[in-house]
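So you can see what is in the structure, the chains are spelled out below.
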Amino acid sequence: EETGKWIASLKGVQPSFEATSIADQDPTDNTDTLMIIADEKDDNNNNYDNSSGNYKFLPTIPGRYEITSVHRMYSAANTTNYLKIFKNGSEYKQMRWDDDTTGGSEMQFIIVEYNANGSDWFQSYVYLGANSAVANGGGIGSFKAKRVSD
């Protein structure tokens, strides 16, 4: 809704953050794994907790947020992988990637919009099939969000 974005922009700087990964991760197969997104690039309202084990976005101002997670996944052939956004500790949305060829790497992303109430929090997770990994070294993986309207 363009009108909502325009009205929100009139109210001053809207909360946003962006953080990137520092290293590759090798999650346990067939298990939801919290992504280590520790290198904070921007956080204009101090809403991202990049401390070990947390890596969560805590929007303190209610409104509609666009939340994005991007990771490069290496997959074995015939494997199903998921990139997920968790809300308040539980799965909220997922993007499924089926590699039914010879395996390889691909950038995967998920973008969701959510009406946060001021106490919700969000994290980026992956669920990888057998013989898969996340190659996020050098800041390739990212997790970010921005408030887009009331």
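For the structure given in this document, a descriptive report is provided here. These numbers come from a predicted model, not from an experiment. Residue positions within a chain follow its written sequence, with the count starting from 1. The model is predicted, so local features are restricted to residues of pLDDT at least 70 and side-chain atom pairs to those at 80 or more, both for listing and for counting; the totals for chains, interfaces and linings are taken over all residues. Side-chain numbers here rest on the full set of heavy atoms in the structure, without hydrogens or water.

Another aspect to go through is the pairing of strand E6 (residues 63-75). A pair of strands counts as paired when DSSP detects no fewer than two bridges linking them. Each helix corresponds to a stretch of at least 4 residues labelled H or I by DSSP, and each strand to a stretch of at least 2 residues labelled E; elements are numbered beginning at the N terminus. Bridging between E6 and strand E12 (residues 142-149) involves 7 bridges; their strand directions are antiparallel. From the neighbouring strand, glutamate 66 faces E12, where its bridge partner is lysine 146.

Our next topic: the pattern of salt bridges. Note on definitions: salt bridges are taken to be side-chain nitrogens of Lys or Arg within 4 Å of carboxyl oxygens of Asp or Glu. Summed over the entire model, instances satisfying the criterion amount to 6 salt bridges. Aspartate 32 serves as the salt-bridge partner of lysine 84, at 2.8 Å between the closest nitrogen and oxygen. On the criterion of sequence distance, the pair formed by lysine 84 in strand E7 (residues 79-87) and aspartate 32 in strand E2 (residues 32-34) is long-range, its members being 52 residues apart. You can call lysine 84 buried: its relative accessible area is 6%. Take aspartate 32: its relative accessible area is 34%, and that puts it in the partly exposed class. Across the salt bridge formed by lysine 41 and aspartate 39, the nearest N and O atoms sit 2.9 Å from each other. Accessible area is worked out with a 1.4 Å probe on protein chains only. A residue is then buried under 20% of its type maximum, exposed over 50%, and partly exposed in between.

Attention shifts here to the packing of aromatic side chains. Ring pairs shown here join Phe, Tyr and Trp side chains whose ring centres sit within 6.5 Å, with only the six-membered ring taken for Trp; geometry is labelled stacked below 30 degrees between planes, edge-to-face above 60, and tilted in between. The full count for this structure, using the stated rule, is 10 aromatic pairs. Residues tyrosine 114 and phenylalanine 122 carry aromatic rings whose centres are separated by 5.3 Å and whose planes lie at 70 degrees to one another, so their mutual orientation is edge-to-face. For the pair formed by tyrosine 114 and phenylalanine 122, the shared burial category is buried. Whether a charge sits over a ring depends on NZ of Lys or CZ of Arg being within 6 Å of the ring centre and within 35 degrees of the ring normal. The cationic tip of lysine 56 hangs over the ring face of tryptophan 121; the distance from NZ or CZ to the ring centre is 3.7 Å. The ring of tyrosine 82 carries lysine 84 above its face, with NZ or CZ at 5.5 Å from the centroid.

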